[in-house]
Amino acid sequence: MFFLAAMIQPGGGRNDIPQRLKRHFCIFNCCLPSNDSMDKIFATIGCGYYCKERGFTDEVVSFMKKIVPLTRKMWQNTKVKMLPTPAKFHYIFNLRDLSRIWEGMLKCIPEVACDVPTILKLWKHESTRVIADRFTNPEDHTWFNRMLKDLVEEDLGNAYASHVEEDNYFVSFLRDAPDAVGDEPDDADFDVPCIYEPIETFDQLEARLIYFMEQYNESVRGAFLDMVFFRDAMTHLVKISRILQTPRGNALLVGVGGSGKQSLTKLASFIAGYKTFQITLTRSYNTSNLMDDLKILYRATGMNGTPMSFIFTDNDIKDEAFLEYLNNILSSGEVSNLFARDEMDEILQELIPIMKKEMPRHPPTPENLYDYFLSRARNNLHIVLCFSPVSVFDPPLCLVSLSLSL
């Protein structure tokens, strides 16, 4: 039997393991890549997408080379300044944050990202969504905005600093589906275009959200939303919408009861075309019932490929074992002994033709089919935790919250 273990470096509220335990392992310390290596990695990604062959202008293509080290410096400054504490246990910044920033940067099309000011606005939006949305007090937000402006002035010049002074928001639901005129080809696409673009005004965004809310009330039976879209509500919905439309995007929403966490999540899920799911608590609801609900979720997302938002509140925690299952879903996507052997065989048989179509080079072995099932479920299942400011600092909830940051 071989043991393979992994741990993060001690510090910032994380305890070290005993020396008596360490002596049983051959220890390898994995250092972060050098600055040149990180710049090379993300320059390959960024400059590979923002190229002339895709239709981007020469100005944008040449400017992208300057954004790569700028993003890395911003991440390093945040990592050094914003250290985790018992009150800010989720202030953990790693290389995944850089990857998430660039994942968002690659959503824009040449028609939108046509000049340098738009690229800078997009860069600030993605950096703020990935990093600054974790901050818990206005002082940290103020420091982050000042640091971004100073970096831009230092690396790019004072002329570019004005483009990152104001908050900018990018969304992908501003456009309507094309109207059919009758002479379209058979393979014409009439779906709503998912174009990642900046909002012009909050009045424009408010009108769009009111339209979606009316559509939601007409389409979803037994549900009715009646919300006033003031600025904070709109910005929160933009943030939730961005998370849900990101593969494997999960959210932790912290707010007092009645602040609109669940309502905004339901509307954001409807805008993205997702279904929402919540457990129905009863007096006899236990771990077995939760497992049955998770089976429904995994069949829908992993086998049928249906995108779903799983809304889970702190009032739904009848047993601390519930958090262990949520932690497993967030960290690895696998819930041990969720399906019986015959149930899993049935699911894998259903996935064979789907996997052959999407991954023709992978043989449909049981191991490959199971990995495909888990990957498909993780991509389509979005967990949204709606907690109160008091309960989120309970030790069991902290573990689940940290899984969202990893």
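Peer 1: Give me the overall build of the chain: which residues, what numbers.
Peer 2: For the chain, the count of helices and strands is 15 helices and six strands. Relative to the 2.2 N^0.38 estimate, which gives 22 Å for 406 residues, the radius of gyration of the chain is 23 Å and therefore close to what a compact globule would have. Viewed in the frame of its principal axes, the chain has a C-alpha envelope of about 70 × 60 × 50 Å. For the chain, the proportion of its 406 residues judged to be buried stands at 42%. Split by element, the accessible area of the chain, about 22500 Å² in all, is 52% carbon and sulfur. Between the centroid of the 43 positive side chains of the chain and the centroid of its 54 negative side chains there is a distance of 7 Å.

Peer 1: Kindly report on the nonpolar core, identifying the contributing residues and their values.
Peer 2: Core analysis: the biggest nonpolar cluster contains 44 residues, and Tyr-50, Ile-67, Met-74, Ile-119, Trp-123 and Phe-144 have the highest contact counts within it. Secondary structure elements with two or more residues in this core: helix 2 (35-49), helix 3 (58-81), helix 4 (95-105), helix 5 (116-130) and helix 6 (138-155). Considering every element that reaches this core, the biggest residue donor is helix 3, with nine residues. Residues within four places of Phe-144 in sequence aside, it is in contact with Met-74, Thr-78, Ser-127, Thr-128, Ile-131, Ala-132 and Phe-135. Listed in part, the 37 residues of the second largest apolar core include Met-291, Phe-310, Ile-352 and Leu-385.

Peer 1: Outline the pattern of salt bridges, supporting the account with residue identities and numerical values.
Peer 2: Side chains bearing opposite charge may pair, as long as their charged atoms lie close to each other. Counting across every chain of the model gives 16 salt bridges. Among the salt bridges present, the one from Lys-22 reaches Asp-16, with a minimum N-O distance of 2.9 Å. We classify Lys-22 as buried; its relative accessible area is 19%. Under the relative-accessibility criterion, Asp-16 is labelled partly exposed at 42%. Asp-167 is the salt-bridge partner of Lys-124, the closest N and O atoms lying 3.5 Å from each other. In this pair, Lys-124 sits in helix 5 while Asp-167 sits in the loop between helix 7 (158-161) and strand 1 (170-171), placing the two residues 43 residues apart along the sequence. In this structure Lys-124 comes out as buried when scored by relative accessible area, which is 3%. Through salt bridges that share partners, Asp-97, Arg-100 and Arg-134 make up one connected network.

Peer 1: Can you explain the side chain of Thr-235? Please cite residues and give values.
Peer 2: Turning to its location among the elements, Thr-235 is positioned in helix 9 (residues 231-244). Once residues within four sequence positions are removed from consideration, Thr-235 is found in contact with Tyr-169 and Phe-202.

Reading the values: rules and limits
- Residues numbered from 1 in each chain as written.
- Predicted model: local features only at pLDDT ≥ 70, side-chain atom pairs only at ≥ 80, totals over all residues.
- Heavy atoms only, no water.
- Helix = DSSP H or I, 4+ residues; strand = E, 2+ residues; numbered from the N terminus.
- Rg over C-alpha atoms; globule rule 2.2 N^0.38 Å.
- Buried < 20%, exposed > 50% of the residue type's maximum accessible area, 1.4 Å probe, protein only.
- Areas by Shrake-Rupley, 256 points an atom, 1.4 Å probe, with all protein chains shown as cover.
- Lys, Arg positive; Asp, Glu negative; His and termini not counted.
- Charge placed at Lys NZ, Arg CZ, Asp CG, Glu CD.
- Core = buried A, V, L, I, M, F, W, Y, C linked by side-chain atoms within 4.5 Å.
- Contact = heavy atoms within 4.5 Å.
- Salt bridge = Lys/Arg side-chain N within 4 Å of Asp/Glu carboxyl O.

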